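In case you want the letters, here they are:
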Amino acid sequence: MTLGALGRLAVRSWDAARGAVDRLREAHRQPPRRVRLERFGAIVQLTVPRALVFIDRALARRTVAIGGAGEPAIWAGPETAVGDAPLSAPLEAHLQLTNRCDAGCQGCYTGATPNGAAGEWGLAEWLRAVDALADAGVFHMAIPRSLGGGEVAPAASRSRRSSLASRRRRTVGL
Ligand code: SF4
């Protein structure tokens, strides 16, 4: 290897190390976005790096402010291992706003039809669902452009998605 190549390698390694240190510093500056208590401990939603981290009760006691006197009710029983008991709520939810679609694909994965399904929800019901999911501690709600399978009339689709996205921002902050 030539001296020039060695020099370039050294500069790249230095840049990578400095980048890692910067990311660590940033992670310490940014408090967790949210914490959800679970029987095994807690799920912490980090901002930097963006991740959901599962921690046990001991680590949760040391790193997460648990308000009030005594332990939270969800920790009343014995501590479980991750996966031993169901989570208190889903980590994320994908909202399929309609089953109406004209494309007619064979083997449609949602069973969509041009007329949709009977009793499809309107905006008010979906807003209540977003609130309920946020109250349950769901970390992420996906409101896909294609409405998770199915295509409503474009104008209605845009305004409904925009209302739901705005409510989602107010409730889960994403
Ligand atoms: S919802 Fe998707 S898979 Fe189903 S018919 Fe429409 S485009 Fe095809």
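Novice: Even after reading the chapter, I still don't get the overall build of the chain, so can you show me in this structure?
Specialist: Scanning the chain from N- to C-terminus turns up four helices and five strands. Shown N-terminal to C-terminal, the secondary structure of the chain runs as helices and strands in the order α-β-β-β-α-β-α-β-α. Burial statistics for the chain: of 174 residues in total, 28% are counted as buried. Counting only contacts in the chain whose residues sit at least 6 apart along the sequence, the fraction spanning at least 24 positions is 57%.

Novice: Help me understand a nonpolar patch on the surface, please; the structure alone is not making it clear to me.
Specialist: Residues Leu52, Phe54, Val82 and Leu87 make up a contiguous nonpolar surface patch of roughly 300 Å² in combined accessible area. Take Leu87: it is sitting in the loop between helix H2 (57–63) and strand S4 (92–94).

Novice: Explain the pairing of strand S2 (residues 41–46) here, please?
Specialist: It is a general feature of regular strands that their side chains alternate between the two faces of the sheet. Summarising burial for S2: five of the six residues are buried, a large majority. Relative to S2, strand S1 (residues 34–38) is paired through five bridges, and the arrangement is antiparallel. By the bridge assignment, Glu38 is partnered in S2 with Gly41. The pairing of S2 with strand S3 (residues 51–56) spans six bridges and is classified as antiparallel. Among the inter-strand pairings, Ile43 is bridged to a residue of S3, identified as Phe54. Connecting S2 to the antiparallel partner S3 that follows it, the hairpin turn spans four residues.

Novice: How should the sheet that holds S1 be read in this particular structure?
Specialist: Note: strands within a sheet are paired through backbone hydrogen bonds, in either parallel or antiparallel orientation. Read across the sheet, three strands follow the order S1-S2-S3 without closing on themselves; strand pairing throughout is antiparallel. Both outer strands of the open sheet, S1 and S3, are each paired with one neighbouring strand and no more. On average, each strand axis in the sheet is inclined to that of its neighbour by 20°, with strand direction left out of account.

Novice: Explain the packing of aromatic side chains to me, please; I cannot follow it from the model alone.
Specialist: Any aromatic ring pair is given by two values, namely how distant the centres are and how the planes are angled relative to each other. For the coordinates displayed, the defined rule picks out two aromatic pairs. Plain terms: the ring middles of Phe40 and Phe54 are 5.5 Å apart, the flat faces sit at 5° to each other, and that makes the pair stacked. You can see Phe40 sitting in the loop between S1 and S2 and its partner Phe54 sitting in strand S3, a full 14 residues away along the chain. A residue is classified by how much of its surface remains accessible, and Phe40, at 5% relative accessible area, is buried. We classify Phe54 as partly exposed; its relative accessible area is 34%. Consider the rings of Trp121 and Trp126, whose centres lie 4.9 Å apart with planes at 65°: the pair is edge-to-face. The exposure class of Trp121 is partly exposed, given its relative accessible area of 43%.

Novice: I tried to follow empty space enclosed by the protein on my own but got confused; where do I start?
Specialist: One water molecule sets the probe size; rolling that probe over the atoms shows where empty space is left. Counted according to the given criterion, the structure contains one cavity of 30 Å³ or more. The computed volume of the largest cavity comes to approximately 30 Å³. Taken together, Glu38, Arg39, Phe40, Thr80, Ala81, Val82, Gly83, Asp84, Ala85, Pro86 and Leu87 make up the full set of residues lining the largest cavity. Each residue belonging to the lining of the largest cavity can be placed in one class, and the counts come to six nonpolar, two polar and three charged.

So, how was this worked out
Each chain carries its own residue numbering, running from 1 in the written order of its sequence. Where local features are concerned, this predicted model is filtered to residues with pLDDT of at least 70; where side-chain atom pairs are given and counted, the filter is 80 or more; whole-chain, interface and lining totals use all residues. No hydrogens and no water enter the side-chain calculation; it runs on all heavy atoms of the structure. By the criteria applied, helices consist of DSSP H or I runs no shorter than four residues and strands consist of E runs no shorter than two, each listed in order from the N terminus. Think of it in three bands: with a 1.4 Å probe and only protein chains considered, a residue is buried below 20% of the maximum accessible area for its type, exposed above 50%, and partly exposed in between. Residue contacts are defined here by distance: any two heavy atoms, one from each residue, within 4.5 Å place the two residues in contact. Two distance rules govern patches: like charges are joined within 9 Å, and nonpolar side chains (Val, Leu, Ile, Met, Phe, Trp, Tyr) within 5 Å, applied only to residues with over 30% relative accessible area and no salt bridge. Values of accessible area rely on a 1.4 Å probe in the Shrake-Rupley scheme; residue burial ignores everything except the protein chains shown. Counted as salt bridges are all cases of a side-chain nitrogen of Lys or Arg within 4 Å of a carboxyl oxygen of Asp or Glu. Note on pairing: DSSP must find at least two bridges between two strands before they are called paired. Throughout, an axis means a line fitted to C-alpha atoms (over the contacting stretch in the case of helices), and angles, computed between N-to-C directions, take values from 0 to 180 degrees. What counts as a ring pair is set by centres within 6.5 Å for rings of Phe, Tyr and Trp (its six-membered ring), and what kind of pair is set by the plane angle: stacked under 30 degrees, edge-to-face over 60, tilted for all other angles. Points on a 1 Å grid, built from protein atoms alone, make a cavity when a 1.4 Å probe fits but cannot get out and make a pocket when they are open with protein on both sides within 12 Å along at least 5 of 7 lines; residues with an atom within 4 Å of a point are the lining residues. Grid points are joined across faces, edges and corners, and a volume is the space filled by probe spheres set on the points. Note on residue categories: nonpolar means Ala, Val, Leu, Ile, Met, Phe, Trp, Tyr, Cys or Pro, charged means Asp, Glu, Lys or Arg, and polar means any other residue, Gly included.

Take it as geometry only, folks, not as evidence of what the structure does.
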